[in-house]
Amino acid sequence: MKVVTLIPARGGSKEIPNKNLVKLGGIPLLSYSCRASKASSSSETWVSTDCQSIAKFAKEEGCNVMPRPSELCTDHSKSDDALIHFSKHVDFDILVFQQATSPFISPLDINKGIKMVESECFDSAFAVTKEDWLPRWSMAVNPINWDINNRPMR
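Report on the accompanying structure. (Residues numbered from 1 in each chain as written. Predicted model: local features only at pLDDT ≥ 70, side-chain atom pairs only at ≥ 80, totals over all residues. Heavy atoms only, no water.)

**Points about the pairing of strand β6 (residues 94-97)**
Note the cut-off: Buried, partly exposed and exposed residues are distinguished by accessible area as a fraction of the type maximum, computed with a 1.4 Å probe on protein chains only: under 20%, between the cut-offs, and over 50%, respectively. Helix numbering and strand numbering both begin at the N terminus, where a helix is a DSSP run of H or I of at least 4 residues and a strand a DSSP run of E of at least 2. Strand pairing is defined by DSSP finding a minimum of two bridges between the two strands.
Side chains I94 and V96 of β6 all project onto a buried face; the interleaved residues L95 and F97 project onto a face where none is buried. Strand direction decides the pairing type here: strand β1 (residues 3-8) and β6, joined by four bridges, are parallel. Across the sheet, residue L6 finds its bridge partner in β6, namely F97.

Next up, the structure:
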């Protein structure tokens, strides 16, 4: 089976300009996803982008680049659009869709998902993290359902 990974990484982020190349712990955000994919059992890692800087960086990380048309890179474009565009140009049996904004995904987790789909028991799989505790805040920056006497240690 041919397993390929696609990491959509457009260049036009409004909230954090150039976010896919912003350093997190001294390493560009996109590196984490590229490296996790390349360390997994995926046979090819692709970055779909409209940005020359991201394309150049992805190639430096050893990834293939799928140029994405600008109409698929607007503030209202969905990742699904990038996946469909990619699937029309690259053959594969299993597609791993990996977010550049999820830097803590591990190659082991990617491989577990691939094995689940390869086993033919599942047609898809996704990685999640159980939320044990996460504080929530109102728009006025007031805690929601917070009890100082009933909270986890971390």
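Continuing now.
**With respect to the side chain of T45**
What counts is decided by this rule: Here, residues are in contact when the closest pair of their heavy atoms is within 4.5 Å.
Mapped onto the secondary structure, T45 falls in strand β4 (residues 44-49). When near neighbours in sequence (up to four residues on either side) are disregarded, T45 contacts T5, I7, S37, K38, C63 and N64.

**Considering the nonpolar core**
Selection rule: Definition of nonpolar core: a set of buried residues of the types Ala, Val, Leu, Ile, Met, Phe, Trp, Tyr and Cys, connected through side-chain atoms within 4.5 Å.
Ranked by internal contacts, the top residues of the largest apolar core, which has 13 residues, are I7, L30, C34, V47 and I54. At the level of elements, α1 (29-38) and α2 (52-60) are the ones that each hand at least two residues to this core. With residues near it in sequence (within four places) discarded, C34 still touches I7, V47, E61 and C63.

**Focus: the environment of P103**
Residue position: P103 is located in the loop between β6 and α4 (107-118). For the pair P103 and S31, spaced 72 residues apart in the sequence, the C-alpha separation amounts to 8.1 Å. Beyond its immediate sequence surroundings of up to four residues, P103 is in contact with L24, L29 and Y32.

**Here we look at the packing of aromatic side chains**
The condition is simple: For this analysis, a ring pair means two rings from Phe, Tyr or Trp (six-membered ring only for Trp) whose centres lie within 6.5 Å, classed as stacked if their planes differ by under 30 degrees, edge-to-face if by over 60, and tilted for the remaining angles.
Tallied over the full model, the rule gives two aromatic pairs. For the pair W46 and F86, a centre-to-centre distance of 5.6 Å together with 70 degrees between the ring planes defines the contact as edge-to-face. Here the residue W46 occupies a position in strand β4, and F86 occupies one in helix α3 (residues 79-87), the gap between them amounting to 40 residues. The pair W46 / F86 is uniform in exposure class, with both members buried. Geometrically, the ring pair formed by F86 and F92 is stacked, given 6.1 Å between the ring centres and 20 degrees between the ring planes. You can call F86 buried: its relative accessible area is 0%. Looking at F92, the relative accessible area reads 26%, which means it is partly exposed. Three or more aromatic residues joined by ring pairs form one cluster here, namely W46, F86 and F92.

**Let's talk about the pairing of β4**
Counted only if it meets this: Note on handedness: a clockwise path from strand one over the helix to strand two, with the strands aimed away from the viewer, defines a right-handed crossover.
Taken across its six residues, β4 has five buried, putting it largely inside the fold. As paired strands, β4 and strand β5 (residues 64-67) are joined by four bridges and run parallel to one another. By the bridge assignment, V47 is partnered in β5 with V65. Between the parallel elements β4 and β5, the chain passes through α2 in a crossover that is right-handed.

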